[in-house]
Amino acid sequence: DGGITQSPKYLFRKEGQNVTLSCEQNLNHDAMYWYRQDPGQGLRLIYYSQIVNDFQKGDIAEGYSVSREKKESFPLTVTSAQKNPTAFYLCASSIDGRQGRSYEQYFGPGTRLTVT
Amino acid sequence: AQSVAQPEDQVNVAEGNPLTVKCTYSVSGNPYLFWYVQYPNRGLQFLLKYITGDNLVKGSYGFEAEFNKSQTSFHLKKPSALVSDSALYFCAVRDIGNTGFQKLVFGTGTRLLVSP
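Residues numbered from 1 in each chain as written. Chains lettered and ligands numbered in written order. Predicted model: local features only at pLDDT ≥ 70, side-chain atom pairs only at ≥ 80, totals over all residues. Heavy atoms only, no water.

This part covers the interface of chain B and chain A. Contacts between the two partners involve 24 residues from chain B, matched on the other side by 33 residues from chain A. For the pair chain B and chain A, the summed buried area comes to about 2200 Å², and 52% of that belongs to carbon and sulfur atoms. Of all residues in chain B, the largest losses of buried area upon contact with chain A belong to Asn41, Phe101 and Gln102 of chain B, amounting jointly to 29% of the total for that side. Viewed at the interface, chain A and chain B are joined by 2 salt bridges. For the salt bridge of Lys49 of chain B with Glu104 of chain A, the shortest nitrogen-to-oxygen distance reads 2.8 Å. Joining chain B to chain A, the criterion identifies 5 residue pairs in polar contact (both at pLDDT 80 or more). Of all elements in the fold, only β5 (33–38), β6 (44–50), β10 (87–96) and β11 (102–106) of chain B reach the threshold of two or more residues within the side of chain B that touches chain A. Considered class by class, the residues forming the side of chain B that touches chain A number 12 nonpolar, 8 polar and 4 charged. (Contact = heavy atoms within 4.5 Å. Buried area = accessible area lost by both parts, 1.4 Å probe. Salt bridge = Lys/Arg side-chain N within 4 Å of Asp/Glu carboxyl O. Polar contact = N/O pair within 3.5 Å; in protein donor to acceptor, adjacent residues only side chain to side chain. Helix = DSSP H or I, 4+ residues; strand = E, 2+ residues; numbered from the N terminus. Nonpolar A, V, L, I, M, F, W, Y, C, P; charged D, E, K, R; others polar.)

Right, let's get into the pattern of salt bridges. With the rule as written, the count across this model stands at 8 salt bridges over all chains. Residues joined in a network through salt bridges with shared partners are Arg36, Asp38 and Arg44 of chain A.

Okay, the pairing of strand β12 (residues 110–115) of chain B next. Put simply, side chains in a regular strand alternate between the two faces of the sheet. All names here are of chain B. Residues Thr110, Leu112 and Val114 point to one face of β12 and are all buried, whereas Arg111, Leu113 and Ser115, pointing to the other face, are not buried. Inspection of the sheet shows β10 paired to β12 by 3 bridges, in the antiparallel sense. In the sheet register, Leu88 faces β12, and the bridge partner there is Arg111. (Buried < 20%, exposed > 50% of the residue type's maximum accessible area, 1.4 Å probe, protein only. Pairing = 2+ DSSP bridges.)

Okay, structure coming up:
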């Protein structure tokens, strides 16, 4: 899982509560990403950030929010507006996300969120 | 939009036998293709990538992948499977978003089970 840490590994919340998932990287990567993984559906992109103070919605951004105040940190907040928040959440980073550069993404160990 | 398909949900192989995990792609332009592996409750680990050049790409842990343009395929292979290779394997393709930012589009994953 390289230099990307996610905490906590397991998280339990009651329905209606917002929860923030942590993602920190020490790889000096510019680009960071958040994915959601559900059984049989692969990975779906929630948000991504090319550089500090910039981020863009991915394919399933509704009910989520992010911030990128520091290069090494990209926290994800799962809000009460997210209809089905229970999932495995993965954070990733790459050297540079700009077109013309095809750098692989490196993933953190993931956070399993359960909302009841 | 770019996409990849993994036609098999699960592949079973005996230890010592060769293994193949299939992936086909649909892209406009030249494809940038990736393979990742995921062990239970862990993040994804990068195995290999094809950008350009030789059609046979060698990666980590003895894995290799063959790029076939005419068949639009990028199958993952290993000459002799190990029980420890049992995991979930994802194929991915680079996609360029509206902002020129590159992201990965993942297949739904193939579970590989290697029996002793």
